[in-house]
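# Structural characterization, general
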Amino acid sequence: MPSTPRTSLIGSASCTVVVCRGCCCGDAHKNPGTDHAWQLELLRAGAAEHGFQVRTTDCLGPCDQANVIVVRPSAAGRRAGGRAAWIGFVMDDEGTEDVVRWVASGGPGVAEPPLTLELQFIEPPREARVRSRRRR
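The present account deals with the structure reproduced in this document. (Residues numbered from 1 in each chain as written. Predicted model: local features only at pLDDT ≥ 70, side-chain atom pairs only at ≥ 80, totals over all residues. Heavy atoms only, no water.)

## So, the side chain of Gln120
Defined as follows: Numbering of helices and strands runs from the N terminus, with a helix taken as a DSSP run of H or I at least four residues long and a strand as a DSSP run of E at least two residues long. Accessible area is worked out with a 1.4 Å probe on protein chains only. A residue is then buried under 20% of its type maximum, exposed over 50%, and partly exposed in between. A contact between two residues is defined here by any heavy atoms of the two lying within 4.5 Å.
Mapped onto the elements of the fold, Gln120 is located in the loop between helix 4 (115-118) and helix 5 (126-135). Judged by relative accessible area, which is 17%, Gln120 ranks as buried. Discounting residues that sit within four places of it in the chain, Gln120 has contacts with Trp86, Ile87, Gly88, Phe89 and Val90.

Below, the structure is given as structure tokens:
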């Protein structure tokens, strides 16, 4: 039986980008001047091109740091010590494209984030930190 080539898990194929669309994130009244629908389009286009997942969710909690995006590592990233990265203040195309480029290059545990994006990392709410510790 011929062996099939082993697919590398180092890439971004199983990273997941979770986009908050709760009470403040994605709300044009609370954050005017940001095209929230366009932001999702940019993320989904990046996902289609680079093979990662994009999901939306209700309020993630840190409303004063909207728009919040969480990048969950791939299995390879978790094995390498990567943890979910919480990113706040993602309000423009440049920040959104930084997220796409980082995830396309492997995301948490695999690739270093761009410095501009790393400066936007935020602490997850306490509830998320407790859930994360229980999963380890």
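Further notes follow.
## Some points on a positive patch on the surface
Our working rule: What makes a patch is a set of residues exposed beyond 30% relative accessible area and free of salt bridges, joined within 9 Å when like-charged and within 5 Å when nonpolar (Val, Leu, Ile, Met, Phe, Trp, Tyr). Here, Shrake-Rupley sampling with a 1.4 Å probe gives the accessible areas, and only protein chains in the shown set may cover a residue. Criterion for a salt bridge: a side-chain nitrogen of Lys or Arg within 4 Å of a carboxyl oxygen of Asp or Glu. Charge convention: Lys and Arg are scored as positive, Asp and Glu as negative, and His as well as the terminal groups of each chain are ignored. In plain terms, the charge of a residue is placed at NZ if it is Lys, CZ if Arg, CG if Asp and CD if Glu.
A cluster of basic residues, Arg55, Arg72, Arg78 and Arg79, forms a positive patch at the surface. Structurally, Arg78 can be placed in helix 2 (residues 75-79).

## Comments concerning the sheet that holds strand 3 (residues 69-72)
Formally: Two strands pair under a simple rule: DSSP has to find at least two bridges between them. Here an angle of 0 to 180 degrees is reported between the N-to-C directions of two axes, which are lines fitted to C-alpha atoms, with helices fitted over the stretch in contact.
With mixed pairing, 4 strands are arranged side by side in an open sheet as 2-1-3-4. What marks the edges here is a single partner per strand, and that holds for strand 2 (53-57) and strand 4 (85-87). Within the sheet, the average angular offset between the axes of one strand and its neighbour, ignoring direction, is 20°. Examined bridge by bridge, strand 1 (residues 16-20) and strand 3 share 4 bridges and lie antiparallel to one another.

## Here we look at helix 1 (residues 36-50)
Selection rule: Multiply 1.5 Å by the residue count of a helix minus one, and that product is the helix's expected span. This arc is taken over the directions from the axis of the helix to the C-beta atoms. In protein, a polar contact means a hydrogen-donor-capable atom and an acceptor-capable atom, both N or O and within 3.5 Å, with residues adjacent in sequence counting only if both atoms are side-chain atoms; elsewhere, any N or O pair within 3.5 Å suffices.
Helix length check: helix 1 (15 residues) gives 21 Å between terminal C-alpha atoms against 21 Å at 1.5 Å per residue, within 8%. Along helix 1, the residues classified as buried are His36, Gln39, Leu40, Leu42, Leu43, Gly46 and Ala47. Down the axis of helix 1, the buried side of the element spans an arc of 155°, and every buried residue falls inside it. More than 90 degrees from the buried face of helix 1, the exposed residues found are Ala48 and Glu49. Contacts from the buried residues of helix 1 go to strand 1, strand 2, strand 3 and helix 3 (93-104). Sitting at the amino-terminal end of helix 1 is Asp35, which places a side-chain oxygen 3.4 Å from the backbone nitrogen of Ala37.

## Observations concerning the pairing of strand 2
Going by this rule: Orienting the strands away from the viewer, one traces the path from the first strand over the helix to the second; a clockwise path indicates a right-handed crossover.
As paired strands, strand 1 and strand 2 are joined by 5 bridges and run parallel to one another. Residue pairing in the sheet places Val17 in a bridge with Val54 of strand 2. With respect to chirality, the unit in which strand 1 leads through helix 1 into the neighbouring parallel strand 2 is right-handed.

## Notes on the environment of Cys15
Looking at the element boundaries, Cys15 is found in the segment before strand 1. Exposure remark for Cys15: the relative accessible area of 0% places this residue in the buried category. For the pair formed by Cys15 and Val71, sequence separation is 56 residues and the distance between their alpha carbons is 7.1 Å. For Cys15, the contacting residues outside a window of four places in its chain are Phe52, Gln53, Arg72, Pro73, Ser74, Val103, Gly106, Gly107 and Pro108.

These results come straight from atomic positions and should not be treated as a statement about function.
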